[in-house]
Amino acid sequence: MRERIVLAALLAAAVALPWIAEALGTPATVGVATRIAIYAIAAASLNLILGYGGLVSFGHAAYFGLGGYTVGILWEHFRLNEPFLGIIPGTAELLVTFPAAILVGGLAAAAIGALSLRTSGVQFIMITLAFAQMVYFLFVSLAVYGGDDGLMIRRPNAFLGLNLRDPATMYWLSLAVLVFWLWLMGRVVRSRFGRVLEGVRQSERRMAAIGISTYPYKLAAFAIAGAACAAAGALWANYARFVSPDMMHWTKSGELMIMVILGGLGTLLGPVLGAAALVGLEYTLSGITEHWQFVLGPILVAIVLFARKGLMSLFGRWGPGNG
Amino acid sequence: MAEPVLAVRNLVKRFGGLVATDDLTLEVRPGELHALIGPNGAGKTTAIGQICGEIAPDSGSIRFDGADITGLSFAQRVRRGLSRTFQIVQLLDDDTALENVSLAVQAAEGHSFRFWRNARLDRRLTDRARALLAQVGLPEERARVRASDLSHGERKQLELAIALAPGPKLLLLDEPMAGLGAAESLRMTEVLRALKGRIPMLLVEHDMDAVFALADRVSVLVYGRCIASGLPEAIRADPAVREAYLTEEDGH
Ligand SMILES: Nc1ncnc2c1ncn2[C@@H]1O[C@H](COP(=O)(O)OP(=O)(O)OP(=O)(O)O)[C@@H](O)[C@H]1O
Ligand SMILES: [Mg+2]
């Protein structure tokens, strides 16, 4: 019960943030908070497979990029008024581009997962990384969509008459998607499907011994995670009004992993904390020194060494199995 | 005579130059408790591994419940009613005893592509899981303890409860008494005695008191070969068996 109250208070504070920022005269905070919310969605999606399922996917940023490019490419064809592949008309409607991004991310993850999940351990880490690099280089070489330089999206998507160029509106949209996704994940990880995932993390052998062939469950989780990460990418494209292969660079996959591990593997709110910590640290440290990554490194090592459940250890009650 | 529940024919398994299973032929008949004994390294666990599908044999065949299952995976065999326990327990250590059994009950109920209802609050799963824990004698108040915090004896009991969850047609038990104290060992013997007759069992065990108290038939494995198979009294009297195994046991 007290948890509910704390959560409600947190949510209220998050909703009120743009007004608070205005009152304090720090409007830039809204942009930072939007980045945190979007990365939190991406990290939480990775957490489904990494934290709950124990699947160390090192190519998760590929789906972030694919989601972003879905929005970008549909915009580009809308702008040029010439259908994609000669059949799919371009659009700048979020109600179309957002589901399209989710679909693209889900299908790509299903295809990549179908092959990668035949391996395990280090091999799985390497093959997911390799697939992500393939997607990365594909977009680097796609000159029509800007190649290395990426693609500008001059106008954010239209969405129910709202103006996504307004930072507060973009923030609230991102926050709404984050809250919805966390609520959905909270249900899924407690369901029968979620129990199987947690079993997979703990012992594949035990799962076989109770008669569960784990492959289809891992594949489903992988596809769901890819779809949700692409949703984050679609939001990013609207927020930054720009997409580029950097969105799916392997260092971005690494950042997502750091957020999950830093925040707390297999915890519902851990990835949000991790995203906030990483984006926040980057924001403050990069203001102090350009070598901020050298400072960040030791901080990460310390957290991973001393807190098994990352930052979520500070909130013991919300650890796994308790929430 | 009724067809055996399990029929292992001419099974061979080599690890490099070592023949771990050497032309093994073995049957478990309906209702029977068949004990498989033999010295350390005789190939008992390797035989169980091949029967359950974790280890691929080099040659030979396995029939179970009227069908050839040699090509099926471990999980597929379990779904057909072949259940096993491990010499070294394999549990979901972060989960409680109840959750471990509940998940096994869930697996037996069909696919788990159910994303919505909270599985931990599903009475269909937990009620049956509690009944299974009671059946193996794990006290009610231990059900909510994490598997990693249970005693060794309790973990052995828990494994048996999990193996019983699918309502198996055959139980493969790899040393259920290993590491148990005398009292725990007796309790486990009683649990198995209660199951005997209802579920056919292939029991691998070093505890000779338990074996001779429970077994309907005994097979003796030495260097991967079955050197004798028969009624417990006959096995006890067999000179070759005494030489290879029982005397050595006495020496301990
Ligand atoms: N994966 C493996 N690779 C190589 N050798 C193996 C492997 N598994 C088992 N062995 C060898 O095969 C032989 C049989 O081993 P197994 O574990 O089946 O014996 P066991 O009868 O179960 O012994 P114990 O009573 O000690 O449990 C042993 O010599 C063992 O070292
Ligand atoms: Mg053994």
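Since this is a predicted model, take the numbers as computed values, not measurements.

So, how was this worked out
- Residues numbered from 1 in each chain as written.
- Chains lettered and ligands numbered in written order.
- Predicted model: local features only at pLDDT ≥ 70, side-chain atom pairs only at ≥ 80, totals over all residues.
- Heavy atoms only, no water.
- Helix = DSSP H or I, 4+ residues; strand = E, 2+ residues; numbered from the N terminus.
- Buried < 20%, exposed > 50% of the residue type's maximum accessible area, 1.4 Å probe, protein only.
- Contact = heavy atoms within 4.5 Å.
- Areas by Shrake-Rupley, 256 points an atom, 1.4 Å probe, with all protein chains shown as cover.
- Lys, Arg positive; Asp, Glu negative; His and termini not counted.
- Charge placed at Lys NZ, Arg CZ, Asp CG, Glu CD.
- Buried area = accessible area lost by both parts, 1.4 Å probe.
- Salt bridge = Lys/Arg side-chain N within 4 Å of Asp/Glu carboxyl O.
- Core = buried A, V, L, I, M, F, W, Y, C linked by side-chain atoms within 4.5 Å.
- Pairing = 2+ DSSP bridges.
- Axes fitted to C-alpha atoms, helices over the stretch in contact; angles between N-to-C directions.
- Near = heavy atom within 4 Å.
- Polar contact = N/O pair within 3.5 Å; in protein donor to acceptor, adjacent residues only side chain to side chain.
- Expected span 1.5 Å × (residues − 1).
- Donors = N, O, S within 2.8 Å, 3.2 Å for Na, K, Ca; no water.
- Parallel < 35°, antiparallel > 145°, perpendicular 65-115°, else oblique.
- Nonpolar A, V, L, I, M, F, W, Y, C, P; charged D, E, K, R; others polar.
- Patch = residues over 30% accessible without salt bridge, like charges linked within 9 Å, V, L, I, M, F, W, Y side chains within 5 Å.

**Q** Help me understand the overall build of chain A in this model?
**A** If you tally the helices and strands in chain A, you get twelve helices and two strands. Helices (α) and strands (β) of chain A occur, in sequence order from the N terminus, as α-α-α-α-α-β-α-α-α-α-β-α-α-α. Based on the C-alpha atoms only, the size of chain A along its principal axes is roughly 55 × 50 × 40 Å. For chain A, the residues scored as buried account for 52% of the 323 residues in total. Expressed as a percentage of contacts within chain A between residues at least 6 apart in sequence, the contacts between residues at least 24 apart total 77%. Here chain A has roughly 14,300 Å² of accessible surface; of this, 69% comes from carbon and sulfur atoms. Measuring between centres, the 21 positive side-chain charges of chain A sit 16 Å from its 14 negative side-chain charges.

**Q** What is the right way to read the interface of chain A and chain B from this model?
**A** A common way to state how big an interface is: give the accessible area lost once the parts meet. Facing 28 residues of chain A, the contacting portion of chain B comprises 34 residues. Buried surface at the junction of chain A and chain B, both sides included, amounts to about 3,000 Å², of which 55% is carbon and sulfur. Of all residues in chain A, the largest losses of buried area upon contact with chain B belong to A:Arg192, A:Arg195 and A:Arg206, amounting jointly to 30% of the total for that side. Summed over the shared surface of chain A and chain B, the result is seven salt bridges. Across the pair B:Asp95 and A:Arg195 runs a salt bridge, and its minimum N-O distance is 2.9 Å.

**Q** Explanation requested: the nonpolar core in the structure shown.
**A** Formed by 140 residues in total, the largest nonpolar core has its most connected members in A:Phe64, B:Val101, B:Leu158, B:Leu160, B:Leu171 and B:Leu192. Top contributing element to this core by residue count: helix 2 (residues 28–52) of chain A, with 15 residues. Excluding residues within four positions of it along the chain, B:Leu160 makes contact with B:Thr85, B:Val136, B:Leu171, B:Leu173, B:Met188, B:Val191, B:Leu192 and B:Leu195. The next biggest cluster of nonpolar side chains, apart from the first, holds 27 residues, and it includes B:Leu11, B:Ile51, B:Leu82 and B:Phe86.

**Q** What should I look at first to understand the sheet that holds strand 7 (residues 170–174) of chain B in this one?
**A** The strands that make up a sheet pair up through hydrogen bonds in the backbone, lying either parallel or antiparallel. All names here are of chain B. With respect to topology, six strands assemble into an open sheet ordered 6-7-8-3-9-10, the strand pairing being mixed. The sheet is open, and its two borders are formed by strand 6 (82–85) and strand 10 (225–230), each paired with just one other strand. With direction set aside, neighbouring strand axes in the sheet form an average angle of 15 degrees.

**Q** Please clarify how the site of ligand 1 should be interpreted in this entry.
**A** Residues and elements named next belong to chain B. With respect to spatial proximity, 13 residues lie near ligand 1, and among them Lys44, Thr45, Thr46, Gln87 and His206 are the closest. A distance of 2.7 Å separates an oxygen atom of ligand 1 from a polar atom in the side chain of threonine 45. Contacts to ligand 1 include glutamate 175, whose side-chain N or O atom sits 3.4 Å from an oxygen atom. Expressed as a share of its isolated accessible area of 640 Å², the protein-covered part of ligand 1 is 60%. Among the elements of the structure, strand 2 (18–28) and helix 1 (44–52) are those that each provide at least two residues to the shell around ligand 1. Of the residues forming the shell around ligand 1, the biggest block, three residues, is contributed by helix 1.

**Q** I keep staring at helix 9 (residues 215–240) of chain A and nothing clicks. Help me out?
**A** Every α-helical turn comprises 3.6 residues, leaving residues that sit three or four positions apart pointing alike. Under the 1.5 Å per step criterion, the end-to-end length of helix 9 of chain A is 37 Å for 26 residues, consistent within 8% with the ideal 38 Å. Along helix 9 of chain A, 19 of the 26 residues are buried, which leaves the element largely enclosed by surrounding structure.

**Q** Can you walk me through the coordination of the magnesium ion (ligand 2) in this structure?
**A** In ideal tetrahedral geometry, four donors around a metal make angles of 109.5 degrees, whereas ideal octahedral geometry with six donors gives angles of 90 or 180 degrees. All names here are of chain B. Coordination of the magnesium ion (ligand 2) by the protein involves Thr45 (OG1) and Gln87 (OE1), with metal-donor separations of 1.9 to 2.1 Å. You can see threonine 45 sitting in helix 1 and its partner glutamine 87 sitting in the loop between strand 6 and helix 3 (97–108), a full 42 residues away along the chain. Here glutamine 87 falls in the partly exposed class, since its relative accessible area comes to 33%.

**Q** Just to check I follow, could you spell out unusual backbone geometry for this structure?
**A** Negative phi is the rule for most residues except glycine; trans is the rule for most peptide bonds. A positive phi is found at A:Leu160, a non-glycine position, where the angle reads about 50 degrees. Within the secondary structure, A:Leu160 is located in the loop between strand 1 (151–152) and helix 6 (167–190). Overall, A:Leu160 belongs to the exposed group, its relative accessible area being 62%. In this structure, B:Glu175 is a non-glycine residue whose phi angle is positive, near 55 degrees.

**Q** Looking at this model, I keep getting lost on the pattern of salt bridges. Mind explaining?
**A** Pairing of side chains with opposite charge becomes possible as their charged atoms draw close. Residues and elements named next belong to chain B. As enumerated under the stated definition, the model contains 28 salt bridges over all chains in all. For arginine 146, the salt bridge identified is with aspartate 94, shortest N-O distance 3.9 Å. Here aspartate 94 lies in the loop between strand 6 and helix 3 and arginine 146 lies in the loop between helix 4 (123–135) and helix 5 (152–164), a separation of 52 residues in the sequence.

**Q** In this structure, what is going on with the packing of helix 2 of chain A against helix 10 (residues 250–263) of chain A? I would like to understand it.
**A** In helix packing, the relevant descriptors are the interaxial angle and the interaxial distance, both defined with respect to the helix axes. Residue and element names in this part refer to chain A. The N-to-C vectors of helix 2 and helix 10 enclose an angle of 75 degrees; their axes lie 9 Å apart at closest approach. Classified by the interaxial angle, the pair formed by helix 2 and helix 10 is roughly perpendicular. Across the interface between the two elements, Tyr39, Ala42, Ala43, Leu46, Asn47 and Leu50 of helix 2 pack against Lys252, Leu256, Met257, Met259 and Val260 of helix 10. Here the contact of helix 2 with helix 10 is composed, by residue class, of nine nonpolar, one polar and one charged.

**Q** Can you walk me through a nonpolar patch on the surface in this structure?
**A** Residues and elements named next belong to chain A. A contiguous nonpolar surface patch, about 340 Å² in accessible area, is contributed by Leu11, Val15, Trp19 and Val179. Here the nonpolar patch gets three residues from one element, more than from any other, and that element is helix 1 (residues 2–24). Along the chain, valine 15 falls in helix 1. Under the relative-accessibility criterion, valine 15 is labelled partly exposed at 33%.

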